[in-house]
Amino acid sequence: MKVVASRIPESGRDNISSGHRPIHEGTTTRPSCLEEPHEQMGELEKAIKEPHEQMEKLQEEKGDLEKRIRELENTIKELQEEKGEFAYFTQYFQLTDCVPLLVPTISTAQGMLSLHALWIWEVEEKLQEEKEKLQEEKEKLQEEKEKLQEEKGDLEKRIRELEKAIKDSQEQMDEMKKELEWRRARNNSDDITLHGVTAHPNLSISGDEKSFTHEAQPQKVPPNPERFDSTVCVLGSEGFSSGKHYWEVEVVSSNDWDLGVARKSIHRKGKLSLSPKEGFWALGLSGRDYWAKTDPWTRVMVQKKPKKIGIYLSCQDRQVTFFNATDMSVFFTFHNCSFSGEVYPFFKNSHKETTMRICSTKEE
């Protein structure tokens with residue numbers, strides 16, 4: 001039985017090793033190059049699959065050889081048993097009076113036994129040859145396996161490098177996308193002013209209607225049904241029911257504030273509950289913690305403390321997004337907002353003797 005080991009063609013190996021150039025450390029992958037790493041990953045996965053298929057074929061041939069060896073060993077065992085039976089009967093007949101009569105039969109049996117012994121010897125010789133060939137094939141298979149393992153390790157290393165390059169590129173794209181989103185929002189900047197009639201008595205509004213200060217004592221202001229009387233807040237002068245709008249508020253001096261948008265129909269009297277259900281879409285700071293005023297509130301993790309907060313309102317998308325204008329990151333986005341008409345910029349400052357200001361977004 002002749003066994004030939006399947007081997008991986010040299011050209012296949014060359015394709016595996018030459019199909020991919022290593023990524024040198026320090027190389028910056030631009031987002032436009034993302035397509036190439038994905039194609040390389042597909043080729044590398046195909047190159048890994050081919051050695052596995054070769055290994056499976058070699059393992060199948062090995063199994064056939066081992067099965068043939070077991071069959072030969074069983075045949076030898078059966079012949080040896082027959083040889084033992086012949087020897088037993090020969091010894092028995094020599095001890096009886098019928099030996100002279102049985103001599104021809106014994107001679108014939110001995111001749112047959114000799115033939116069987118010769119055949120067994122030939123079988124054993126062939127079996128030994130098969131074992132030696134099998135051993136050679138095993139050694140070749142082991143060498144091939146080691147080579148494949150080495151190639152597999154190189155390919156896996158290459159894949160890890162490509163995955164890292166893709167991850168780095170994705171992070172760069174995310175940063176660029178974040179900055180682009182922020183800059184697009186700023187392109188919709190509005191000249192927001194404060195509506196003093198709605199301001200809580202403890203809020204003093206500046207002459208340009210851009211800043212508001214939480215005074216320690218309430219001011220003397222005329223009563224008005226639109227004025228907030230319990231929560232220290234104020235609305236913007238203009239409401240929005242369509243389009244996209246953006247404004248920024250300086251918050252660095254206060255550690256207790258809320259910003260966002262509110263329906264025109266919200267309650268102005270008594271303590272307010274800030275939530276979309278009550279007509280508010282707001283984000284705020286309380287002490288050291290930032291909260292999106294969902295129902296219940298959602299804590300927002302901040303990497304860099306903001307000096308200014310950007311508020312982006314998209315009426316057609318029914319979204320309100322809050323930006324950290326310091327590092328251009330997104331704090332939180334309210335989706336599927338049920339505005340039901342006009343919404344107004346909303347400002348709240350509960351930190352006494354501090355001032356907050358609506359900033360200009362014009363680039364200097």
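Residues numbered from 1 in each chain as written. Predicted model: local features only at pLDDT ≥ 70, side-chain atom pairs only at ≥ 80, totals over all residues. Heavy atoms only, no water.

A. Spatial organisation of the packing of aromatic side chains. Tallied over the full model, the rule gives ten aromatic pairs. Pairing Trp291 with Trp297 gives two aromatic rings, centres 6.1 Å apart and planes at 50°, and the pair type is tilted. Residue classification places Trp297 among the partly exposed positions, given a relative accessible area of 46%. Arranged with centres 6.2 Å apart and planes meeting at 70°, the rings of Phe322 and Phe334 form a pair that is edge-to-face. You can see Phe322 sitting in strand S10 (residues 319-324) and its partner Phe334 sitting in strand S11 (residues 329-334), a full twelve residues away along the chain. Using a relative accessible area of 0% as the deciding quantity, one classes Phe322 as buried. The class of Phe334 is buried, set by a relative accessible area of 6%. An aromatic cluster of three or more residues is present, and its members are Trp257, Tyr290 and Phe331. Above the ring of Trp297, the side-chain terminus of Lys293 is found at 4.1 Å from the ring centroid. (Phe/Tyr/Trp six-rings, centres within 6.5 Å; stacked < 30°, edge-to-face > 60°. Buried < 20%, exposed > 50% of the residue type's maximum accessible area, 1.4 Å probe, protein only. Helix = DSSP H or I, 4+ residues; strand = E, 2+ residues; numbered from the N terminus. Lys NZ or Arg CZ within 6 Å of the ring centre and 35° of its normal.)

B. Just unusual backbone geometry, in detail. Going from Asp295 to Pro296, the amide bond is cis rather than trans, its omega being 0°. Tracing the chain through its elements places Pro296 in the loop between strand S7 (289-292) and strand S8 (298-300). With a phi close to 65°, Met328 is a non-glycine residue in the positive phi region. By secondary structure assignment, the location of Met328 is in the loop between S10 and S11. Residue classification places Met328 among the partly exposed residues on the basis of a relative accessible area of 22%.

C. Region of interest: the pattern of salt bridges. Scanning the model with the defined rule gives eight salt bridges in all. A salt bridge links Asp168 to Lys164; its shortest N-O distance comes to 3.1 Å. Taken together, the positions of Asp168 and Lys164, both in helix H3 (residues 99-186) and four residues apart, correspond to about one turn of that helix. Look at Lys164 and you get exposed, because its relative accessible area is 52%. Salt-bridge contacts for Lys348 lead to Asp258; the nearest nitrogen and oxygen are separated by 3.0 Å. Of this pair, Lys348 sits in strand S12 (residues 343-349) while Asp258 sits in strand S5 (residues 256-263), placing them 90 residues apart in sequence. (Salt bridge = Lys/Arg side-chain N within 4 Å of Asp/Glu carboxyl O.)

D. Region of interest: the nonpolar core. Counting residues in hydrophobic clusters, the biggest one holds 35 residues, and the most contacted among them are Trp247, Trp257, Leu259, Leu313, Val320 and Phe347. Apart from the residues within four sequence positions on either side, Trp257 is in contact with Val251, Leu283, Gly284, Leu285, Tyr290, Ile309, Lys348 and Met356. Of all hydrophobic cores here, the second largest spans ten residues; its members include Cys233, Leu274, Tyr344 and Phe346. (Core = buried A, V, L, I, M, F, W, Y, C linked by side-chain atoms within 4.5 Å. Contact = heavy atoms within 4.5 Å.)

E. Fine view of the sheet that holds strand S13 (residues 355-359). Judged by pairing direction, the sheet is antiparallel, and its seven strands sit side by side in the order S1-S2-S13-S4-S9-S10-S11 without closing on themselves. Strands with a single pairing partner mark the edges of an open sheet, and in this sheet they are strand S1 (203-205) and S11. With strand direction ignored, the average angle separating the axes of adjacent strands in the sheet is 20°. With three bridges connecting them, strand S2 (residues 211-214) and S13 associate as antiparallel partners. Bridge pairing in S13 places Ser211 opposite Arg357. (Pairing = 2+ DSSP bridges. Axes fitted to C-alpha atoms, helices over the stretch in contact; angles between N-to-C directions.)

Remember, this is a structural readout, not a statement about activity or role.
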